[in-house]
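Topology and contacts: notes
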Amino acid sequence: MTKTYKPKSYEYISSLKPRFTQRVDNVFHHDKAFTFSNKIVPQEGTLGTSVIYSQGSDIYEIDCALPLGTSEEGKKPKPQSEYGDAFKSVEGKPLSPKWVYQGETVAKMEYLGNGNETTLLAMSKNGSLAWFQEGVKVPVHIVQEMMGPATSYAAMHSHVRPNNLAVSDFTLSYDNETVVKSQSNGSEEDSILKIIDNAGKPSEILRTIHVPGTTVTHTVKFFDNHLYASCSDDNVIRFWDTRTGDKPLFILEDPKNGSLNAFDSSSVSNNLFVTGTSTGFVKLWDIRAVETAATDLSKRQNGEDPIQNEIANFYHKGGDAVVDVQFSYTSPYEVFTVGGTGNVYHWDMEYALGNYDDEDPDRVPQDASEELQTQSLRFLHTGGSRRNPQQKGKRNTVAWHPIVDDVIGTVDDDSLVTIYKPFSLEESA
Amino acid sequence: MQRRNTGFRRGTPSLYHHLSMFKPKFTTRVDNVLHYDKTVTFRSEIIPDKAKGTLSTSLLYSQGSDIYEIDCSLPLDSFYPHSSNKKKELKKEEEKKDKDKDGKVSNFDDAFTAVENKRLSPKWAYLGETVSKMSYLDSSDDSTMIAMSKNGSLAWFRDGIKVPVHIVQEMMGPATSYAAMHSHVRPNNLAVSDFGLSANLDTLVKSQSNGSEVDSILKIIDNAGKPGEILRTLHVPGTTVTHTVRFFDNYLYGTCSDDNTLRFWDTRTGDKPLFVLTEHQNGRLNSFDTSQVTGELFVTGSSTGVIKLWDIRAVENATTDLTHRQNGEDPIQNELVSLYHSGGDSVADVAFSETSSSEFITVGGTGNVYHWDMEYLFGRNDDDNDDEENPFNNTKTHNGSSKNAAPEELQGQCLKFFHTSGGRRTSTQQGKRNTVAMHPIIDDLVCTVSTDSQISLYRPLKLRS
């Protein structure tokens, strides 16, 4: 079975421009981040879920109802041209924040769910972390990064490259027991990784690791309960185990195709990861092949760099930079990438993986070809004519729904929240 | 509830709910079973069969380099009695055992009838090594069990494959000092190794003596993605032997070394312990185990027979608590309760129950097995109470004398059972580590092996007042 998408047709799409109980001077001034909660409540013909939306220091939970129409037997779904009413219940209602991280600007959020002690983890722009609980408006735990010489207030707020330096990220192990976060040191020498407990003593810093020779480590991501990777501005991806010493297990250098901007691993397959570059390249990798190549000397002299090839590469048209990439939580093949323009590209890696054999390293990489590109790029979300090249695509403003297939949510600079599902037909291959 | 006048020796019941004995025979010729080191552990599978009225489980028994699986079937009715005939059943057992006590030759139960006259052939073999500890991995797809050899090597075994599927081999030679391990001066003291598995079985930490007689070594080994991969090597400075490693949860573990110090580590932190517990009194620390049920309690046993129950939260808080001491002084870390083996029987091994938060067993140097139940203590103890109200916590040091006025009473209430295996054990016989195991699922079922390869399977008879 393969899914066939029709370009620019949505199974459904709904938007909401939220109103707030507090006065918001200018929504453009505030940074925004977006994620889904993992709640799903089936109600008559719809599936209730909610999106988590942050604006500056305020975090809102917005209920929405997804149409259930397609699951009915015998009824062929039709592409929806009209905007749907997923946000009907909250439209016109002013929202008040569910959580507040006072004095900070939320840059990334991860929803853990209601069953856990912690409902939401939020990271601020300066790298601080806050743990939020259902029903408690303020954080229950905090890892505060001090402003001052240690993290160089001056460097973070200099006019030279303020946004390049104030980059931080965090990731959770699959069992949610360990957090790894990255931050720039500000001294412009090393970037720093911190391993933080999220089990026995949430927010206890277990270890601090320096990543030598890098100023910014912009992405960290777990592969399982222990293995994680960090992606830094020296275009090197380092693979670590939380339990090993202060050296990476192995590394992957990718000096070609501009600077590495984005990185994500698949939580479904465990072996696959995707990188995105500033020149618009998207590469799919197999961590087993990367690791094997690091010690394989059959085609190179000792001392030479290892030959590490990706499974396949793809590109954004027009050199649209890749600012974010995310694997689907429900499918091992589906990935979206976010362009510098704000466009959302939907990829299906099934074709590339069908031609891939991990026993035969000579067949990689599958270079970007017209066929590969058309077989893999399934859908392009441009948000109508709303997006333009001046608009900067941002990280953590697009998210997959963790449970419902193919549903994606985005937030724009002007606070417009959109959820959509591309229109696709199931076909036998 | 309180039976105040119960002297602990006299009142300690030694009636068995179940007792089976078995001396295995082997297909391979065994010259002298006394020469081989032996260990036992349980598999966790249990198969109830209502038609036959049996509850089947199996135990793993190692002898030298060979590992055998021995099936045993227990009477289902007696282990999971229906409420109606429960009392009758217990009474029957009691009568039977009372008769035994009166001097008749014991008619043991027949858990091993199926294998009694069969010759056993090894299920697994770790050739060239002497197995000193086994751990059954219940939920792992990759391997069935892990065995450690006397020199600290580790082997992963899988059902159906006789040889190890993964190995972490410790090299003989200068690195681990063959000479030191095999010297006549103190060979057994140095060749001590142990391992602990995290609660989710993802990580293994093993300890071994370096042989250079400087540092003992800990190795953090993967058991998830790449079983057998050594992730990190840690040195424990100032110790020659680290004899015990136990996990509290998925990451936190404690090690017990010959400097009488327990060190607490997290697999994810750097190369320093999180905090330590030093115990100078009561001889050498010999053994240590953590409760997997609570994740917070642990027990230590010393060479002078003193057993102490601790709460890791209190131990950790004391390291930063400066209310009763000056900065720079050692932290005041007190146990919840202190118990003892009578007659100074040293504590060779301790094991927490995997089914109950209050029960554990200790093995004496004589080979006797002591069953303890701390319910009496917990019933009166509340960890949020102040020192004043709390008779067993932090009182000794502050008041000069212990408010724990009746240690004899406590001892009597907590020592629930005492297994001597008739007159088989003598004080010259050395109690050994890893020769007594508690079943991970069936309450109170214990298996022991003695040096002459006699395997006993028993369950104490519980009398509830």
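Residues numbered from 1 in each chain as written. Chains lettered and ligands numbered in written order. Predicted model: local features only at pLDDT ≥ 70, side-chain atom pairs only at ≥ 80, totals over all residues. Heavy atoms only, no water.

According to UniProt, the positions carrying the feature "repeat: WD" (unreviewed entry) are residues 295-320 of chain B. As a span, residues 295-320 of chain B carries 35% helix and 46% strand, and end to end its C-alpha atoms are 21 Å apart. (UniProt positions renumbered as here; feature names shortened; annotations may be inferred. Helix = DSSP H or I, 4+ residues; strand = E, 2+ residues; numbered from the N terminus.)

Time to look at the packing of aromatic side chains. Scanning the model with the defined rule gives 42 aromatic pairs over all chains in all. Seen in terms of ring centroids, Phe360 of chain B and Trp372 of chain B are 6.4 Å apart; in terms of plane orientation they differ by 25°. Their pairing is stacked. A residue pair is termed long-range when its members are at least 10 positions apart, and Phe360 of chain B in strand β26 (residues 359-364) and Trp372 of chain B in strand β27 (residues 369-373) qualify at twelve residues. The buried category is assigned to Phe360 of chain B, whose relative accessible area is 2%. Ring pairing ties together the aromatic residues Phe223, Phe239, Phe250, Phe263, Phe273 and Trp285 of chain A, which thus form one cluster. Lying across the ring of Phe170 of chain A, Lys108 of chain A places its NZ or CZ 5.1 Å from the centre. The aromatic ring of Phe195 of chain B is capped on one face by Lys133 of chain B, whose charged end is 4.8 Å from the ring centroid. (Phe/Tyr/Trp six-rings, centres within 6.5 Å; stacked < 30°, edge-to-face > 60°. Buried < 20%, exposed > 50% of the residue type's maximum accessible area, 1.4 Å probe, protein only. Lys NZ or Arg CZ within 6 Å of the ring centre and 35° of its normal.)

Successive side chains on a regular strand alternate, one facing one side of the sheet and the next facing the other. Residue and element names in this part refer to chain A. Across the ten residues of strand β5 (residues 46-55), nine count as buried, placing the element largely inside the fold. Note that strand β4 (residues 41-43) and β5 share three bridges and pair antiparallel. By the bridge assignment for β5, Gln43 is matched with Thr46. Connecting the antiparallel pair β4 and β5 is a turn made up of two residues, with Gly45 showing a positive phi of about 75°. Inspection of the sheet shows β5 paired to strand β6 (residues 58-67) by ten bridges, in the antiparallel sense. The residue bridging Ser50 from the neighbouring strand is Asp63, located in β6. Remark: two residues form the turn of the hairpin made by β5 and β6, two consecutive strands paired antiparallel; Gly56 in that turn has positive phi of roughly 65°. (Pairing = 2+ DSSP bridges.)

Residue and element names in this part refer to chain B. Looking at the secondary structure, you find Glu229 in the loop between β15 (216-222) and β16 (230-236). Among the residues examined, Glu229 registers a relative accessible area of 30% and is labelled partly exposed. Residues Glu229 and His166, 63 residues apart in the sequence, show an inter-C-alpha distance of 9.3 Å. Residue contacts for Glu229: discarding those within four places in its chain leaves Ile220, Ile221 and Asp222. (Contact = heavy atoms within 4.5 Å.)

Turning next to the sheet that holds strand β17 (residues 242-247) of chain B. Residues and elements named next belong to chain B. An order of β17-β18-β19-β20 is seen for the four strands of this open sheet, with the pairing classed as antiparallel. The strands lining the two open edges of the sheet, one partner per strand, are β17 and β20 (275-278). Put simply, the sheet's adjacent strands are angled 20° from each other on average, direction ignored. Pairing of strand β18 (residues 252-257) with strand β19 (residues 261-266), which is carried by five bridges, proceeds in the antiparallel orientation. Of the residues in β19, the one forming a bridge with Cys256 is Leu262. Strands in contact with helix α6 (residues 312-320) are β18, β19 and β20; relative to β20, the strand with the most contacts, it is inclined by about 100°. (Axes fitted to C-alpha atoms, helices over the stretch in contact; angles between N-to-C directions.)

On to the pattern of salt bridges. Per the counting criterion, the structure on display carries 43 salt bridges over all chains. Across the pair Asp222 of chain B and Arg243 of chain A runs a salt bridge, and its minimum N-O distance is 2.8 Å. Here Asp222 of chain B is found in strand β15, whereas its partner Arg243 of chain A is found in the loop between β19 (236-241) and β20 (250-253) on a different chain. For the pair formed by Asp222 of chain B and Arg243 of chain A, the shared burial category is buried. The closest approach of N and O atoms between Asp159 of chain B and Lys123 of chain B, which form a salt bridge, is 3.1 Å. Residue Asp159 of chain B is located in the loop between β11 (154-158) and β12 (161-168), and its partner Lys123 of chain B is located in the loop between β7 (119-120) and β8 (124-125); the two are separated by 36 residues in the primary sequence. (Salt bridge = Lys/Arg side-chain N within 4 Å of Asp/Glu carboxyl O.)

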